[in-house]
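Residue strings, one per chain:
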Number of protein chains: 2
Amino acid sequence: MRKHNFCAGPAALPTAVLERARDEMLDYQGRGLSVMEMSHRSATYMAIAEKAEADLRDLLAVPANYRVLFTQGGATQQFAAVPYNLLGPGGRANVINTGIWSKKAIAEARHLFGDVHVAASSEAGGHLAVPRPEEIVLSNDAAYLHFTANETIGGLAFDYIPGNAPGSEERGPRRPDGSEAPLVCDMSSSILSGPLDVSRFGVIYAGAQKNIGPAGLVVVIVRDDLLDRARTDMPSLFSYQALADAGSMINTPATYSWYLAGLVFEWLKDEVGGLAAMDAINARKAARLYGAIDASDFYSNPIAIPNRSRMNVPFVLNDSRLDKPFLAEAEAAGLLNLQGHRSVGGMRASLYNAVPEAAVEALVAFMADFEKRRG
Amino acid sequence: MRKHNFCAGPAALPTAVLERARDEMLDYQGRGLSVMEMSHRSATYMAIAEKAEADLRDLLAVPANYRVLFTQGGATQQFAAVPYNLLGPGGRANVINTGIWSKKAIAEARHLFGDVHVAASSEAGGHLAVPRPEEIVLSNDAAYLHFTANETIGGLAFDYIPGNAPGSEERGPRRPDGSEAPLVCDMSSSILSGPLDVSRFGVIYAGAQKNIGPAGLVVVIVRDDLLDRARTDMPSLFSYQALADAGSMINTPATYSWYLAGLVFEWLKDEVGGLAAMDAINARKAARLYGAIDASDFYSNPIAIPNRSRMNVPFVLNDSRLDKPFLAEAEAAGLLNLQGHRSVGGMRASLYNAVPEAAVEALVAFMADFEKRRG
C-alpha cells in the first residue's frame, strides 16, 4: 500500500507513472525487452528520448533558441559545469547566496576558479527572506549571475526573477556598467511546479530527483548564444556545446531515468493538464499547510511570507521535546519522511508535484490531532 | 513476451531481476514507497546500498584495502577522472591502444593534459590481436598504465593482465627504471563475467550498462594508497578520495540504478552461484557461437582466437548484400540487436551475463537455417 511521502529528494513520483513503469518493465510496448535494455541509439529509444524533450519543451514553452540537455551528476556537477561553460576569459562567477545550495555553488566555483563575487546574500538575516532586487549588485566582470530559485533545505524561494523587474522587458540582470549578464538558475527543487518564462534565463538546470524523475539525471536548458564561451580544459562531458551537438548522447545517457522523466512530463500534460493547472494545485497545497502552521501556536515557520517555498515547508514544533513522538506517530499514520534536514533539524514537508492534495489534508489532520493530544 | 536481446549496451538484464524490480516498483517491501522515492540517507536505502557493495565485494573477492565507489557519467567520465586522480605532479598517462574505447581514453587524457604515452598498440594490425606482453613499454614518467580489458566494438579481449606474467607475484607493470606503475583497467564490458584477481589492479572502473545494471551508474574499485595523488583543480565530484570519504554520497547518487545493480549482484550470487559458475556459462556460450562461425564459410570473425571476446562477438556475412535480410529475419525470429556498431558495420552478438544459453542456441540455429536458405 502506498503511503504519503514528503521526502525532500529523491522524492515522491506520481503513482500513475510508477504503475506504467511497472507494467512496461519487462516488455516495452511489445518490443520484447525493457527500456533499460535498449540501445540508446535504437529507433524505439530515440523516439522515447525525443518525445520526452518535446513534452518538456511544450510544458515550459521553451523558445526555439534554447537547447535542452539530459545529463548526469546532479546539480552538484552543474556547480562545476556552469563556470567551466560560461566564465570565458576574465569572467567571474556572480552568485546570490540564499542558503546551503547557493553556498555549495559558490564553493565549487571558488574551488575551481579561485574567485567568486557574492552579488547579494541573505545570510546575515538567517536566510529568512531573499535579497531585495535593489540589493543585488553584480561585478563588472560578471560572466553570469547565478541564483537558487528554491532552497530545498531552508524552504526559501524567490518570488521574482533577479535582475528583472516584474513585467520588465529586460532579459538578464545588468552589470554596473549597464551591460547585461546571463542569468543562471539552479531550479532543482522548483522546476515544473508552475509556468516559467524561460526567455529570462541564460541557463536553467535541475537535478531530476524532485519534480522530474529519478536521481542521476539532470536537465539543462541553455540559450544557444552561450554555447561558444566554454573553457577547453574541462572534461569533455561537461561541454554544453558537445552535449547539444550530440543530442545529449556523447556517451550512453541515463536511458531509464530519461524515460521515466518522459513519463512524468506526459503525466503533467495529460493527467494534470499542464503547468498552470499544476501551479494552482501547488498553491492550494502550500496555502493549506502554511495556513495550518500559522493558525497554531504549536507549530511555526519563520520564513518571510512572500519567500515561503511551496515545494519545501520546514516547520518546528515549538516544544522540540515532542519531535521524536511527532515523527514516530506520523510514520505510524502513513506520513513518511517528515524529518528536517540533518543540518537544521525540525520538520520538513516537501510538497512536490507528485504529492497529492490528499496527502496534505492527511498531514494537516494529523498535525491538528497531535497538537490536540500533546499541545 | 521477452525476446532474445544481443544488444551491446545498454544490454539485457536478467529477467528475474526485472521481475523483482517490477514487483517492488510501487511499494518496496511494505515500506509504502518505491526505492526511487527514498532519501539516499534513509535507513532503508542505506541498507540497499550497503548490501549491493557487500555483494559486489563478495563476488569479486575485493581485498579490504580497496574502496568501491558508485558514481555517474559512464566510463567516458572516468577517462577524465582517472588522470585527474592519478597523474600527480610530473606524471604521464600510459595507455595501451586496442581499439575504439582505448582511443577515447587516450583522447580525453590528451585533451586535458596534453601528452599521453601509448605504451603499446594493436592498431597497425587492425586490432585483430592484443599486443604481446613484451611489446608493452612504459615511459619512466608513467603515472599508471591504462588498458581496456574488452573492446566492446572490436570484440577484442586481453587474455592476460598487462605487466603481470601469468602466475607472477608482481602487482603492477614496471617502468623502464624498474619501478612499479599502478594498473588501471576499463572493465565496462567484461566485469563480473568471471573471477578476477583485483589485487593486480590499482583502479578498475566499469560503466554499469553491460554486466551490472542500467546506464548512468559507474562502479570504480580503487586501491586506497592511490587516493592521495589527485589534482586539486578538478570537479569535486571526480575525486575518488571525496567519494570514498562520503560513501559515494557527496551528493545524491543514482539511487535506483544502484538498487538494480544490487539485484544483479544478488542474482549472480544466489541464482547463478557466483563468478566461477558464470565463467563456465560464458565460456560455453562463446564456444558455441564462435564454433558455429568457424564451422561455416558463410560467416566469419577475424580476431586471433586467444583474444576473442566472450562478451561481444562481431561477425560478418561473407556476402554483405545479405546483411539486411539477415537482420530483418533475425528480428522477426525474436533475435534483437544483432547489428554491428555503426562505425564498423556487420553483425555483433553481445553475450553478456544476462544473455541465457538458450538465446545463443536460438541464434546459432537461426544462423544455420539462414545459411541453408541463402548460402
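This structure is a prediction, so every number in the text was calculated from the model and none was measured. (Residues numbered from 1 in each chain as written. Chains lettered and ligands numbered in written order. Predicted model: local features only at pLDDT ≥ 70, side-chain atom pairs only at ≥ 80, totals over all residues. Heavy atoms only, no water.)

### A short note on the relation of the copies chain A and chain B
One chain copy maps onto the other through a rotation about an axis and a shift parallel to that axis.
So, point 1. Placing chain A over chain B gives an RMSD of 0.0 Å and needs a rotation angle of 180°, together with 0.0 Å of translation along the axis. The two molecules are tied by a two-fold rotation axis, judged by turn and shift. Minimal C-alpha distance to the rotation axis in chain A is attained by A:Arg22, lying at 2.4 Å.
So, point 2. When the interface residues of chain A are mapped onto chain B, 100% of them are again interface residues, pointing to one common binding face. (Least-squares fit on C-alpha atoms with pLDDT ≥ 70 in both. Contact = heavy atoms within 4.5 Å.)

### Points about helix H7 (residues 275-294) of chain A
Residues and elements named next belong to chain A.
So, point 1. The end-to-end C-alpha distance of H7 is 27 Å, a good match for the 28 Å that 20 residues give at a rise of 1.5 Å each.
So, point 2. Residues of H7 that are buried: Leu275, Met278, Asn282, Lys285, Ala286, Leu289, Tyr290 and Ile293. For H7, the angular spread of buried residues about the axis comes to 120°, placing them on one side. Exposed residues pointing more than 90 degrees away from the buried face of H7 are listed as Ala276 and Ala287.
So, point 3. Contacts from the buried residues of H7 go to helix H2 (43-60), helix H6 (255-272), strand S11 (299-300), strand S12 (312-317), strand S14 (347-350) and helix H9 (357-374). (Helix = DSSP H or I, 4+ residues; strand = E, 2+ residues; numbered from the N terminus. Expected span 1.5 Å × (residues − 1). Buried < 20%, exposed > 50% of the residue type's maximum accessible area, 1.4 Å probe, protein only. Arc of directions from axis to C-beta.)

### Overview of the domain arrangement of chain A
Residues and elements named next belong to chain A.
So, point 1. Taken domain by domain, chain A comprises domain 1 (16-271) and domain 2 (274-374).
So, point 2. Put simply, the middle of domain 1 and the middle of domain 2, counted by C-alpha atoms, are 27 Å apart.
So, point 3. Tallying the contact residues gives 27 residues for domain 1 and 25 residues for domain 2.
So, point 4. Considering only the side of domain 1, the residues that lose the most area to domain 2 are Leu128, Ile153 and Ser193, jointly responsible for 26% of the buried surface there.
So, point 5. Summed over the shared surface of domain 1 and domain 2, the number is 0 salt bridges.
So, point 6. The interface formed by domain 1 and domain 2 includes 13 residue pairs in polar contact (both at pLDDT 80 or more). (Domains from an automatic or database assignment. Buried area = accessible area lost by both parts, 1.4 Å probe. Salt bridge = Lys/Arg side-chain N within 4 Å of Asp/Glu carboxyl O. Polar contact = N/O pair within 3.5 Å; in protein donor to acceptor, adjacent residues only side chain to side chain.)

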